[in-house]
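# Topology and contacts: notes
Listed below are the residues making up each chain.
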Amino acid sequence: MRLVARVALVVLSTTGLSCSTSSSPPESTGYEARRQAFFDTTVAADPNNTYSEVVRVMRGIAPDESKIQHDLDRLTAREDTSDFKLPGLLWLLYKYSDSEVLEAELVANIKGVLLKHKFWPDERLNETEWLPEPEPVEGADWIPTTDSMVYVTENHYILYASGAYLVGQLYQDEMFEASGETGAEKMETFRPRVMKWLELRYKTGFSEWLSNVYYDEDIPAVVALAELAEDPEIKQLASMVLDLIFADLALNQYRGTFGSTHGRTYEQKFGGSRDSTRSTSALLFGVTDFDDPEVKPSNLPFELADFRPGNMSSTMVALAEEYRVPRVIYDIANDTEREEMENRQRMGIRLDEAESWGLDVNRFEDGMTFMTLEAYTHVLTFGVWVEMLDAYGWWVHDDYNLFIDFEDVLRNEMVRDAFAKGAEKDITRNMRPEVNIYTYRTPRYMLSTAQDYRDPHAVDYVQNDSGYGGDQQSIWQATLGKDAVVFTTHPANEDWGGDTPRFWTGYGTMPRSIQVKNVGISLYDIETGETIYVEDQPLYTHAFFDKSQFDEAYKEGGWFFGRYEDSYVALWASDPEADWTDNDDPDHQDLGDHEIVACPDGYPGPSTQYPDGYPGHSACQSRQGYGDCVNPSDCDKTIWISELGSAAEYADFDAFKQAILGAPLTVDVGALTVDYESPSQGRLRMGWNGEPLTQNGEPVEVHGYARYENPYSSSAFRDDVISFELAGRRLSLDYAQLKREYDYLLD
């Protein structure tokens, strides 16, 4: 009886607010026109993949079936990332299986491939059919006994779980070869997994926080659930999670560029031109070049050219027939002239609080959930990970076979735990626990930081003083224009491609970074000891600051200055010899001179003459208060400071520059301490050893943020209710009641 009542409540809760807060409907945003323009752009372009061809079928145009077959062949071969196309394939089966423009043979093939497919790592009944004659791997003394698809990251988890549930729903009486389940049994198996993933995304956000890569994979899976699931609880919760994803995009973009800190990203962080979510944001938040007086112009500089045929998330959002973004989220994205917008939000979970989220670090089924934040080798979850390696045949998985060399160690719990604690900063580098995000946006620029992420002094059993290793995180970024961005990293190596972390993706060692409005400070203490995961880390850090994307860019007085239109950025490095390098790389001529290297050859010795008054080194202690004489000849420590401004705050670019150059700055590189008298934020003091950053003597809170705290939402972490409001329009979500209330949807 309770279940019946809950289902009835969900059905009744899918409507808008019973009392609208607006006297009349708002002006149309032209969303329907944008949808059709997206479809027009897709069918006019060359065939790309399943997603582009779904649009053709929807328009009654015969698809290029070879593109769909290619995606099916990858699923049949069990290739990693083949699951990215599952939502599109399911859409074809659900919506167009009887279409006159789709060959019946292809429909049957899609069904056949999915009935044989492996949707979870324990589905191994037809593994010998897939890999009938295993062959030794070159250079290894083992042979593969299973596929090397990745199931465990946040995006893969929901792509497989939603795919399994929805294909089971479609073929409830059919037998699935890999698991031996009927479709109805598969639904029963995967429903708890789907619901747990959705619950955690609603309550805690994403461990792959604000990813301009993987939100593009998450969205299609969640749209498929919101549109295709028959279970009203799944449909409703999926819609609520979509609302929050799009709120994340609206809050953390600057004029269309998703230029925030990211839990996972690659070269997409180089600017909006490379952003995988840009097509979706253009679709939802408006474009500027419609020649239609009936269409409300967007405040964001999106153009029709930003629509990307075959893009996963924008295709699925455009195809959606039931789900629509609440109008208030569109309004927040277009609230671009607000003098300043501060957004604080917390995402992710802490492993030591797993029990409070209904998770058990020793429960095997929960292992997959812990691995969505890639907690393979954390001391609390290492044991269940070893169980997974055994159960799923993953000792010889392409991504996990590095563990086979340590098998004896990992099977001894006492030794394993000691190893996990001693090597935590290196071997948990791709783990993404709780993060506190701060984004500061004005009409002219945005700065965003993962505040004091993975404090290197927060765990008492970790003795070494260096920072945590990183993988694909991007800790801070300044955004002044579509591709006018600035950030720093510590390269793990000098390879642009291959496994991560690498030259620009992720970090050999992550910084301690803290931001106060338009000012950010990053301290790097590179790991110089023996490591397992990333060996021989380069002893320099570098900044990405592409001069070709700025109207002016030059170095003066130890600072790097950039102007983009009437937006300004200043960047300081503790190495006085730091400078732009010439980009003579033939493989990356799409970039200008973009790299500023700090300490490429090691800091000079004490006898070197630095510019008069240059702070931080043993040769420049000419003014009182510059700290003890140090000679960081190993170059394992670097300080970077960034400050942003604009014509709204300064008379012109020169006035900004003079204010920065005249600001008192005292640093001690050896001790990694900073005392900076910011022209805009006052005296900022920060060190490496865990003490809080202070502003004018007062500590700045960088931990324990709310779920959302900004001008539009004040929603506590762990609260069931999350709401947004702007200019009388609102959205209210209630997890406990599965209620989604709004006044207007996007139209």
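Each remark here, short or long, concerns the structure printed above.
These notes cover the structure that comes with them. What you are looking at is a predicted structure, and each value in this text was computed from that prediction instead of being measured. (Residues numbered from 1 in each chain as written. Predicted model: local features only at pLDDT ≥ 70, side-chain atom pairs only at ≥ 80, totals over all residues. Heavy atoms only, no water.)

Scanning the chain from terminus to terminus reveals 20 helices and 26 strands. Counting every position in the chain, which comprises 747 residues, the buried fraction comes to 62%. For the chain, long-range pairs separated by at least 24 residues make up 71% of all intrachain contacts whose partners lie at least 6 apart in sequence. Here the chain displays about 27,200 Å² of accessible surface, and carbon together with sulfur accounts for 46% of that area. (Helix = DSSP H or I, 4+ residues; strand = E, 2+ residues; numbered from the N terminus. Buried < 20%, exposed > 50% of the residue type's maximum accessible area, 1.4 Å probe, protein only. Contact = heavy atoms within 4.5 Å. Areas by Shrake-Rupley, 256 points an atom, 1.4 Å probe, with all protein chains shown as cover.)

To continue, consider the sheet that holds strand S25 (residues 729–734). Strand order in the open sheet made by the 3 strands is S24-S25-S26, with antiparallel pairing throughout. The sheet is open, and its two borders are formed by strand S24 (721–726) and strand S26 (739–742), each paired with just one other strand. Across the sheet, the mean angle separating the axes of adjacent strands is 5 degrees when strand polarity is ignored. Pairing of S24 with S25, which is carried by 6 bridges, proceeds in the antiparallel orientation. When the bridges of S25 are listed, Ser723 appears paired with Ser732. Along the sheet, helix H11 (residues 232–251) contacts S24, S25 and S26; its crossing angle with S26, the most-contacted strand, is approximately 50 degrees. (Pairing = 2+ DSSP bridges. Axes fitted to C-alpha atoms, helices over the stretch in contact; angles between N-to-C directions.)

Okay, the packing of aromatic side chains next. Scanning the entire structure with this criterion turns up 46 aromatic pairs. Relative to Trp496, the ring of Phe270 lies with its centre 6.1 Å away and its plane at 80 degrees, an arrangement referred to as edge-to-face. In this pair, Phe270 sits in the loop between H11 and helix H12 (278–285) while Trp496 sits in the loop between strand S7 (485–489) and strand S8 (512–516), placing the two residues 226 residues apart along the sequence. No difference in accessibility class separates Phe270 from Trp496, as the two residues are buried. (Phe/Tyr/Trp six-rings, centres within 6.5 Å; stacked < 30°, edge-to-face > 60°.)

It is worth spelling out helix H2 (residues 31–44) at this point. Here H2 is 14 residues long and its end C-alpha atoms lie 20 Å apart, about the 20 Å a rise of 1.5 Å per residue gives. Considered for burial, the residues of H2 that qualify are Tyr31, Arg34, Arg35, Ala37, Phe38, Phe39 and Thr42. Close packing links the buried residues of H2 with helix H3 (50–58), H12, helix H13 (312–319) and helix H14 (327–333). (Expected span 1.5 Å × (residues − 1).)

Let us now look at the sheet that holds strand S13 (residues 567–573). Hydrogen bonds along the backbone pair up the strands of a sheet, which may run parallel or antiparallel. Here 6 strands make up an open sheet; going across it, the order is S8-S9-S16-S13-S12-S11 and the pairing antiparallel. In this open sheet, the two strands that pair with only one neighbour each are S8 and strand S11 (552–556). Between one strand axis and the next, the sheet turns by 15 degrees as a mean value, whatever way the strands run. Judged from the 5 bridges that link them, S11 and strand S12 (residues 559–564) form a sheet pairing that is antiparallel. Within S12, the position partnered with Tyr554 by the bridge is Phe561. Contacts from helix H20 (residues 653–661) reach S11, S12, S13 and strand S16 (637–646) within the one sheet, and its direction differs from that of S12 by about 160 degrees.

With that settled, consider the pattern of salt bridges. Scanning the model with the defined rule gives 54 salt bridges in all. The salt bridge partner of Arg563 is Glu552, with a shortest N-O separation of 2.7 Å. Here Arg563, found in strand S12, pairs with Glu552, found in strand S11; they are 11 residues apart in sequence, far enough to count as distant. Given a relative accessible area of 21%, Arg563 falls into the partly exposed group. Judged by its relative accessible area of 29%, Glu552 is partly exposed. (Salt bridge = Lys/Arg side-chain N within 4 Å of Asp/Glu carboxyl O.)

With that settled, the discussion passes to the nonpolar core. Counting 204 residues, the largest nonpolar core has Phe246, Trp385, Trp394, Phe545 and Phe724 as its most contacted members. With 13 residues, H11 is the largest single contributor of residues to this core. Those residues in contact with Phe246 that sit more than four places away from it in its chain are Ile219, Thr280, Leu284, Phe285, Val317, Tyr323, Val325 and Ile329. Membership of the second largest hydrophobic core comes to 10 residues, among which are Phe270, Val485, Tyr540 and Val597. (Core = buried A, V, L, I, M, F, W, Y, C linked by side-chain atoms within 4.5 Å.)

All right, on to the pairing of strand S5 (residues 446–450) then. Of all 5 residues in S5, 5 are buried; the element is thus mostly enclosed. With 5 bridges joining them, strand S4 (residues 435–441) and S5 adopt antiparallel strand pairing. Paired with Tyr440 across the two strands is Leu447, which belongs to S5. Counting the residues in the hairpin turn of S4 and S5 gives 4 residues. With 4 bridges joining them, S5 and strand S6 (residues 476–479) adopt antiparallel strand pairing. Counterpart to Ser448 in the pairing with S6 is Gln477.

Once that is clear, we can look at the packing of helix H10 (residues 215–228) against H11. Running from N to C, H10 and H11 point in directions that differ by 150 degrees, and their axes come no closer than 8 Å. On the basis of the axis angle, H10 is roughly antiparallel to H11. Between H10 and H11 lies a crossing whose hand is left-handed. Every residue of H11 that contacts H10 at Tyr215, Ile219, Val222, Val223, Leu225, Ala226, Glu227 and Leu228 is listed here: Ile234, Lys235, Ala238, Ser239, Val241, Leu242, Ile245, Phe246, Asp248 and Leu249. Of the residues that constitute the contact of H10 with H11, the class distribution is 14 nonpolar, 1 polar and 3 charged. (Parallel < 35°, antiparallel > 145°, perpendicular 65-115°, else oblique. Left-handed = near helix turned anticlockwise from the far one by under 90°. Nonpolar A, V, L, I, M, F, W, Y, C, P; charged D, E, K, R; others polar.)

Note that Glu217 resides in helix H10. Buried and unpaired, Glu217 has no salt bridge, with Arg264 as the nearest side chain of opposite charge at 7.5 Å. Non-local contacts of Glu217, meaning those with residues more than four positions away in its chain, are made with Phe84, Asn155, Leu159 and Met312. (Lys, Arg positive; Asp, Glu negative; His and termini not counted.)

Once that is clear, we can look at the packing of H2 against H3. At a minimum axis separation of 9 Å, H2 and H3 run at an interaxial angle of 110 degrees. With respect to H3, the axis of H2 lies roughly perpendicular. Contact residues: Phe39, Thr42 and Val43 in H2; Ser52, Val55, Arg56 and Met58 in H3.

Next up on the list: the side chain of Asn518. With respect to the helices and strands, the residue Asn518 is situated in the loop between S8 and strand S9 (519–525). Here Asn518 falls in the buried class, since its relative accessible area comes to 3%. At 2.7 Å, the side chain of Asn518 and the backbone oxygen of Leu644 are in polar contact. (Polar contact = N/O pair within 3.5 Å; in protein donor to acceptor, adjacent residues only side chain to side chain.)

This part is about the pairing of S12. Once S11 ends, the chain turns through 2 residues before running back antiparallel as S12, passing Gly557 with a positive phi of about 60 degrees. In this structure, S12 lies alongside S13, joined through 6 bridges in antiparallel fashion. Each bridged residue has a counterpart across the sheet, and for Phe560 the counterpart in S13 is Leu571. Between S12 and S13, which pair antiparallel and follow one another directly, the connecting turn spans 2 residues, one of which, Glu565, has a positive phi of 55 degrees.

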